[in-house]
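Structural overview for review
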4 protein chains.
Amino acid sequence: MGIRVTVWNEFVHEQNNDFVRSIYPRGIHEQIGGYLREQPGLEVATATLEQPDHGLTEEVLANTDVLIWWGHAAHRKVRDDIVDRVQGRILDGMGLVVLHSGHFSKIFKRMMGTSCGLCWREAAERERLWVVNPNHPITRGCGRYIEIPNAEMYGEHFDIPEPDELLFVSWFEGGEVFRSGAVWHRGRGKIFYFRPGHETYPIFHHEGVLQVIGNGVRWCAFDGNTETIGIGVCSNIAEPIEELSPKDYVEGEIEHPSESLAR
Amino acid sequence: MGIRVTVWNEFVHEQNNDFVRSIYPRGIHEQIGGYLREQPGLEVATATLEQPDHGLTEEVLANTDVLIWWGHAAHRKVRDDIVDRVQGRILDGMGLVVLHSGHFSKIFKRMMGTSCGLCWREAAERERLWVVNPNHPITRGCGRYIEIPNAEMYGEHFDIPEPDELLFVSWFEGGEVFRSGAVWHRGRGKIFYFRPGHETYPIFHHEGVLQVIGNGVRWCAFDGNTETIGIGVCSNIAEPIEELSPKDYVEGEIEHPSESLAR
Amino acid sequence: MGIRVTVWNEFVHEQNNDFVRSIYPRGIHEQIGGYLREQPGLEVATATLEQPDHGLTEEVLANTDVLIWWGHAAHRKVRDDIVDRVQGRILDGMGLVVLHSGHFSKIFKRMMGTSCGLCWREAAERERLWVVNPNHPITRGCGRYIEIPNAEMYGEHFDIPEPDELLFVSWFEGGEVFRSGAVWHRGRGKIFYFRPGHETYPIFHHEGVLQVIGNGVRWCAFDGNTETIGIGVCSNIAEPIEELSPKDYVEGEIEHPSESLAR
Amino acid sequence: MGIRVTVWNEFVHEQNNDFVRSIYPRGIHEQIGGYLREQPGLEVATATLEQPDHGLTEEVLANTDVLIWWGHAAHRKVRDDIVDRVQGRILDGMGLVVLHSGHFSKIFKRMMGTSCGLCWREAAERERLWVVNPNHPITRGCGRYIEIPNAEMYGEHFDIPEPDELLFVSWFEGGEVFRSGAVWHRGRGKIFYFRPGHETYPIFHHEGVLQVIGNGVRWCAFDGNTETIGIGVCSNIAEPIEELSPKDYVEGEIEHPSESLAR
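A brief look at the structure comes next. Please read these numbers as outputs of a predicted model, since none were measured by experiment.

**Considerations on the interface of chain A and chain B**
The interface is formed by 70 residues belonging to chain A together with 71 residues belonging to chain B. When chain A packs against chain B, the two sides together hide about 5800 Å² of surface, and 61% of this comes from carbon and sulfur. Counting the contacts that link chain A with chain B gives zero salt bridges. Summed over the shared surface of chain A and chain B, the number is 16 residue pairs in polar contact (both at pLDDT 80 or more).

Structural data, given as structure tokens:
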């Protein structure tokens, strides 16, 4: 069985803006999904905000190995209980790939614990995403950098937890830098944030960008240890390894604390 | 001016359980606060669940450099809007010290993004907290380990993000280990989780444990860069460093994407 | 083509100690190599100290994807130029799996930059290796922990750089803990240190230990970005992205520095 | 007693190149040392390559809390036994601040375990060092970035271990980025690498750069745990915490391994 990918898109701009629709006539989700469907070993579905439960029912999530997230205008319209559900599934092993303006989505902020704020400028400037980690499967095939001729700028400070591994750092023509590709582990799940992508630029037609998204999907699919407990629960482990030593401490007959606990 | 510390305690067990009250007659917050008040350079206040806004008003938080958190039985009673407020203040630079069963508090789970689950056993067993990071101010003065004669066991897997720095690892008589002291950075704030402490054991009378809490308070106080932007906001930075190159891309006159963005 | 593994062993104890030979009659390298040869997708060779160039010629290393290292009594007999050679090959993408007393090998100390010191006790005590990272392929199949009934104890402080990912923490019957499984990235190479293994205990006959070594081999095999430059070289990149702005600074006609560089 | 700083400089360019001498008439070490001497709480000495033991005798190092290192043309002339000595002192708690071309020094490569290679271009281009970590004392007072009007470019990939904390990322006019400020812990010592500085640019006259070096010195001074053992030694800890359980394993009477060690 292949890796089961669900591409989620808020799907707003493409329906209410002619220019955006001219770039992504079937929606950003179908543009990305279309690319991924051509890759071996992936089974690709899509989901959007307007669907019941935003298309993210318990059943859909249970059958998703990696969720891709794109949102921009409608972050607040995502229901909190669905965010809870997605978080739970990530902690249980589902991968999450967050693209571009998804940095401000509820689910990304939930997983990071930070504001995920940043600085931006929309001036169609040149961007280079430099590889700073040659060890990682996600940077495979990227050469020394990926170049995007016209991009919205995202600048530091990007308010994220220090990444577990930093993969790409962007250079922008206008003077800024940005930590554009980074991964984190949360529970049994892996998270990959990747900066490129915008509704008014054809970034998701860029071969290099699509390749990295594909690499990210493969890396985020779970291949770790499912037997671990402690994910989501606080379990009483009744049995010690063997007889414990006689207690110095007896409940209700406690010595004066400052005595019994002196180092 | 010293470091302004607020010790927060849900203050439930001490009011409804005689045995716990015999150990902490004035509450865990006053036991810890009493120790800290004797340390130079600290200004110590306390706050509890039953106070208006749980004692954590905007004004209190604005005047708190480091917040210490102890909770166990009443995590769910903490109001979500207060959790939002505390999170905002942490991202803006307030330190957070989370003790023992506070691992399951709303604020700790919010900052971590994980379930913060673990395994436990209450058998008054012996614990050794081994120093695994000799570089950190928080382990100063701890020798090779701290020993607690009777402790509740906490075992792995502890569902936390990989710590920025792991400081202590506990050994338990009954066969488990636990990552007992660890730090993370979130926004401009620092977070220190420290495992020891229980309502039915006199852990907060232990000199070694109190010393580490004091070290933790000093380390968590902000001494970084307050001018950073991106914390909590998404700011438009209008001006590039200099004139940008002529655009290849003109909105509305876009070439076919697969052409213009070929690498 | 499979992953090409070379198992290196100093092969001293097995030749001069009858008891050790009774456990590892063909040497530790053949015991581990024998297990790995039965696994799909691995091509396994061995090398030992007494061979020319310790069996680690340029050709052997060029054809090795992952090197496993076991040494104990003869670390000092390993030639420095061979250590240089192995380091160079690791930075160029070869994986390294270091076992047990290999912590004090020249190559491990070289890659870590630290003393790699630790504490130990030989008392055949019980050990549990707890999984602390459920996300990692190396912990797959390990359950919550691996138990070894009789092991040499290794205790903290283990003088290593903070691991990129900490995978296992050991509990020992005698009261110590140890960071027993950890990974680091260096250049294009991956490094996995795994604690179990001793010449007078049959640790390398333990199914759970062997399984982890196999997982480690697969994870350490390079699958990243080979086009990166900067590994081992300091390269002049002559061409900027485009015309640079007119220089404020002209060599030989420099203004007084405190003037020209004022912020 | 203040923090005892030793500023080390190979001191070659300033003696054999008139232009460099015009910028640093008393040497780079005196330029940096002069700034530091004006800061409260620092006691500043200097040392150079041409002195006996390169000015780094056992006595000098024993009385140095933080060593600053600048070298460029003469890395190979630094004696290996002095590198060993400096490494030992770092692991024992001395801080190390490495500047600019010191990235290729023997001591930095020794501490990192990597080649420390990078790419470079000398075209007096504009550089901005962006703060990516607002939590760290080293970035205090830096605003959002430090700008240097004319700098030698250093570009990725920079072959270093992933930093414990990444503090600055540089933007260069010519299209590159670089991880310009980063810290690592090794043994009991702290290491700070800071990119700016060149012999033919007056970088060490830049107030912002000097301020960061001062911040770095204060942060690198040891304030951790000196009682830790395992730094540089492999110690036999004879005594377990208490009587161990009866051995299953008796040396020389071992059961068949595959039996006794079955999980």
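**As for empty space enclosed by the protein**
Inspection of the entire model under this criterion finds nine cavities of 30 Å³ or more. Of the pockets and cavities examined, the largest cavity occupies roughly 430 Å³. As for the largest cavity, its lining consists of 22 residues, and the residues nearest its centre are Pro163 and Asp164 of chain A together with Glu162, Pro163 and Asp164 of chain D. Going through the elements one at a time, β8 (177–186) of chain C together with β8 (177–186) of chain D are the ones with two or more residues in the lining of the largest cavity. Looking at which element gives the most residues to the lining of the largest cavity, the answer is β8 of chain D, with three residues. Taken together, the residues of the lining of the largest cavity break down into ten nonpolar, no polar and twelve charged.

**What to know about the pattern of salt bridges**
On inspection of all chains with the given rule, the structure shows 68 salt bridges over all chains. With its nearest N and O atoms 2.9 Å apart, the salt bridge here joins Arg179 of chain A to Glu156 of chain A. Residue Arg179 of chain A is located in strand β8 (residues 177–186), and its partner Glu156 of chain A is located in the loop between β6 (145–155) and β7 (165–172); the two are separated by 23 residues in the primary sequence. Both residues of the pair, Arg179 of chain A and Glu156 of chain A, belong to the buried class. The shortest N-O distance in the salt bridge between Arg4 of chain D and Asp65 of chain D comes to 3.0 Å. Of this pair, Arg4 of chain D sits in strand β1 (residues 3–9) while Asp65 of chain D sits in the loop between α4 (58–62) and β3 (66–70), and the two are 61 residues apart along the sequence. By relative accessible area, which is 17% here, Arg4 of chain D ends up buried. The exposure class assigned to Asp65 of chain D is buried, which follows from its relative accessible area of 18%. A cluster of three or more residues bridged by salt bridges with shared partners is formed by Asp53, Glu58, Arg79, Asp81 and Arg85 of chain A.

**Topic: the packing of helix α3 (residues 28–37) of chain B against helix α7 (residues 207–220) of chain B**
Residues and elements named next belong to chain B. In contact at an axis separation of 10 Å, α3 and α7 are set at 70 degrees when each is read in the N-to-C sense. Considered as vectors, α3 and α7 are oriented roughly perpendicular to each other. In this structure, α3 uses Ile32, Tyr35 and Leu36 to contact α7, whose residues at the interface are Glu207, Leu210, Gln211, Ile213, Gly214 and Val217. Taken together, the residues of the contact of α3 with α7 break down into six nonpolar, two polar and one charged.

**What about the relation of the copies chain D and chain C?**
When chain D is brought onto chain C, the operation consists of a screw motion whose angular component is 180 degrees and whose axial shift is 0.0 Å, with 0.0 Å RMSD remaining. Classification of the inter-copy transformation places it as that of a two-fold axis. Looking at the rotation axis and the C-alpha trace of chain D, the residue lying nearest is Gly113 of chain D, at 2.7 Å. Looking at the interface residues of chain D, 100% of them are also at the interface in chain C, so both copies use one shared face.

**Section: the interface of chain D and chain C**
Taken together, the contacts link 70 residues of chain D with 72 residues of chain C. Between chain D and chain C lies a buried interface of about 5800 Å² when both sides are counted; carbon and sulfur atoms form 61% of it. One can count zero salt bridges joining chain D with chain C. At the boundary of chain D and chain C, one finds 16 residue pairs in polar contact (both at pLDDT 80 or more). Per-element tally for the side of chain D that touches chain C: the top contributor is strand β5 (residues 118–131) of chain D, with seven residues. Within the side of chain D that touches chain C, the residues separate by chemical class into 32 nonpolar, 26 polar and twelve charged. Bridging between strand β5 (residues 118–131) of chain C and strand β10 (residues 234–236) of chain D involves three bridges; their strand directions are parallel. Bridged to Leu118 of chain C within β10 of chain D is Cys234 of chain D.

**Side note on the side chain of His185 of chain B**
Of note, His185 of chain B is situated in strand β8 (residues 177–186). Classification of His185 of chain B by relative accessible area gives buried; the value is 10%. Here Glu165 of chain D takes part through its side chain, which lies 3.5 Å from a polar atom of the side chain of His185 of chain B. Those residues in contact with His185 of chain B that sit more than four places away from it in its chain are Pro161 of chain A, Asp164, Lys190 and Trp219 of chain B together with Asn135 and Glu165 of chain D.

**Some details on the relation of the copies chain A and chain B**
Under the fitted operation, chain A is carried onto chain B by 0.0 Å of movement along the axis and a turn of 180 degrees, and the coordinates agree to an RMSD of 0.0 Å. With an isologous cut-off of 70% or more, the 100% of interface residues of chain A that recur at the interface of chain B puts this contact in the isologous class.

**Re the environment of His75 of chain C**
Its location among the elements puts His75 of chain C in the loop between β3 (66–70) and α5 (80–91). What His75 of chain C contacts, discounting residues up to four positions off in sequence, is Glu10, Ser101, Gly102, Phe104, Ser105 and Lys106 of chain C.

**Looking at the packing of aromatic side chains**
Enumeration according to the criterion identifies 42 aromatic pairs over all chains in this entry. Ring geometry for Phe192 of chain D against Phe194 of chain D: centres 5.5 Å apart, planes inclined by 25 degrees, an arrangement best described as stacked. Put simply, the rings of Phe108, Tyr154, Phe158, Phe178, Trp184 and Tyr193 of chain A touch in pairs and so form one group of aromatic residues. Here Lys109 of chain C stacks its cationic end above the ring of Phe104 of chain C, 4.7 Å away from the centre of that ring.

**So, the environment of Asn17 of chain B**
Residue and element names in this part refer to chain B. Locating Asn17 in the fold gives a position in the loop between α1 (13–16) and α2 (18–23). Asn17 gets classed as partly exposed once you look at its relative accessible area, which sits at 29%. Placed 183 residues apart in sequence, Asn17 and Thr200 show a C-alpha to C-alpha distance of 9.6 Å. At 2.8 Å, the side chain of Asn17 forms a polar contact with the backbone nitrogen of Phe19.

**Points about the side chain of Glu199 of chain D**
All names here are of chain D. Positionally, Glu199 belongs in the loop between β9 (189–194) and α7 (207–220). One buried charged residue, Glu199, forms no salt bridge at all, with the nearest opposite charge on Arg195 at 10 Å. At 3.3 Å, the side chain of Glu199 forms a polar contact with the side chain of His72. Only 3.4 Å separates the side chain of Glu199 from the side chain of His198, close enough to count as a polar contact.

**Re the environment of Val86 of chain D**
All names here are of chain D. Assignment of secondary structure puts Val86 in helix α5 (residues 80–91). Given the relative accessible area of 1%, Val86 is considered buried. For the pair Val86 and Glu58, spaced 28 residues apart in the sequence, the C-alpha separation amounts to 8.9 Å. If we ignore the near neighbours within four places in the chain, the residues touching Val86 are Leu56, Leu61, Leu67, Met94 and Ile107.

Conventions adopted
- Residues numbered from 1 in each chain as written.
- Chains lettered and ligands numbered in written order.
- Predicted model: local features only at pLDDT ≥ 70, side-chain atom pairs only at ≥ 80, totals over all residues.
- Heavy atoms only, no water.
- Contact = heavy atoms within 4.5 Å.
- Buried area = accessible area lost by both parts, 1.4 Å probe.
- Salt bridge = Lys/Arg side-chain N within 4 Å of Asp/Glu carboxyl O.
- Polar contact = N/O pair within 3.5 Å; in protein donor to acceptor, adjacent residues only side chain to side chain.
- 1 Å grid on protein atoms, 1.4 Å probe; cavity = no way out; pocket = protein on both sides within 12 Å on 5 of 7 lines; lining within 4 Å.
- Points joined across faces, edges and corners; volume = space filled by probe spheres on them.
- Helix = DSSP H or I, 4+ residues; strand = E, 2+ residues; numbered from the N terminus.
- Nonpolar A, V, L, I, M, F, W, Y, C, P; charged D, E, K, R; others polar.
- Buried < 20%, exposed > 50% of the residue type's maximum accessible area, 1.4 Å probe, protein only.
- Axes fitted to C-alpha atoms, helices over the stretch in contact; angles between N-to-C directions.
- Parallel < 35°, antiparallel > 145°, perpendicular 65-115°, else oblique.
- Least-squares fit on C-alpha atoms with pLDDT ≥ 70 in both.
- Pairing = 2+ DSSP bridges.
- Phe/Tyr/Trp six-rings, centres within 6.5 Å; stacked < 30°, edge-to-face > 60°.
- Lys NZ or Arg CZ within 6 Å of the ring centre and 35° of its normal.
- Lys, Arg positive; Asp, Glu negative; His and termini not counted.

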